[in-house]
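# Overview (structure and organization)
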Amino acid sequence: MNKSNLTKKTTIYAAVFLVVIFLIGMVFFRKDDNNIKENNLKIDEQQLIEDARNKEIAEKEKTKLFAENFTVTYYSYTWGNFSNIESQYYYMTAEMENKEKNKVWQIKENIKNQPQKYFTARAKLIDSNFISYEETKATLEINLNVDNYAGAIAQRDTMVWVDERGNYYEGNLSNLVISAIEKKIKIKLVKIGDEWKVGEIEEIGK
């Protein structure tokens, strides 16, 4: 074999070798590229799942806070003053709003000829838990402690506390507490558009 033929064969072998190396590199490159894409897809999917989970947790906490605030306000009142209910008509379903308006009207009729009484109920949250939770409806159990006072805030020269006889009171308010009651409340919510509304609230135990 002459030197020219040897050089040609060497060149051919070298070219074939480079082509093989190139093809092998392309295979591994594509494999690595596919692995990167698959990993990125998994990361994106996991992020979407995590974002959805966090959004649901935040929405549930917001819903729970709404139910708690409504319930604490609903069970806090002064005799003859119905702002605990009237101030929350917006947050009720139309059916519940009508029901509560009728109830308030009836109580006002029953007490309008009675002498002024000085009595206050103040509710405090103990805890709350979801009984059920869905996208457009939820039910919670809310536990309250309600302090009942033989006295109230009344208008004199300014708004002041008075005792059960209507006399100005400047002592420790805890001394006016005549009872403390634990109440277990069930509250049902429905979502109308983007807002939660209260459809029903009831006392289920103490």
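So, a few notes on the structure that sits alongside this text. (Residues numbered from 1 in each chain as written. Predicted model: local features only at pLDDT ≥ 70, side-chain atom pairs only at ≥ 80, totals over all residues. Heavy atoms only, no water.)

## Re the pairing of strand E4 (residues 151–155)
- Sheet analysis places E4 next to strand E5 (residues 159–163), joined by five bridges and oriented antiparallel. Along E5, the bridge assignment pairs Ile153 with Trp161.
- Linkage of E4 to E5, two consecutive antiparallel strands, is achieved through a turn of three residues. (Pairing = 2+ DSSP bridges. Helix = DSSP H or I, 4+ residues; strand = E, 2+ residues; numbered from the N terminus.)

## Concerning the side chain of Thr93
- Along the chain, Thr93 turns up in the loop between helix H2 (83–86) and helix H3 (94–111).
- Under the relative-accessibility criterion, Thr93 is labelled buried at 12%.
- When residues no more than four places from it in sequence are discounted, the contact partners of Thr93 are Val190, Ile192, Lys197, Val198 and Gly199. (Buried < 20%, exposed > 50% of the residue type's maximum accessible area, 1.4 Å probe, protein only. Contact = heavy atoms within 4.5 Å.)

## Thoughts on the packing of aromatic side chains
- For the coordinates displayed, the defined rule picks out eight aromatic pairs.
- Ring centres 6.3 Å apart and planes at 45° place the aromatic pair Tyr77 and Phe119 in the tilted group. Here Tyr77, found in strand E1 (residues 77–78), pairs with Phe119, found in the loop between H3 and strand E2 (120–133); they are 42 residues apart in sequence, far enough to count as distant.
- Look at Phe119 and you get partly exposed, because its relative accessible area is 23%.
- Judged by centre distance (5.3 Å) and plane angle (85°), the rings of Tyr90 and Tyr91 are edge-to-face.
- Taking the relative accessible area as the measure of exposure, Tyr91 reaches 36% and is therefore partly exposed.
- Members of the aromatic cluster, joined through ring pairs, are Phe66, Tyr90 and Tyr91.
- Here the guanidinium or amino end of Lys60 rests over the ring plane of Phe130, the centre of that ring lying 5.0 Å away.
- Positioned over the ring face of Tyr89 is Lys101, at 5.2 Å from the centre of the ring. (Phe/Tyr/Trp six-rings, centres within 6.5 Å; stacked < 30°, edge-to-face > 60°. Lys NZ or Arg CZ within 6 Å of the ring centre and 35° of its normal.)

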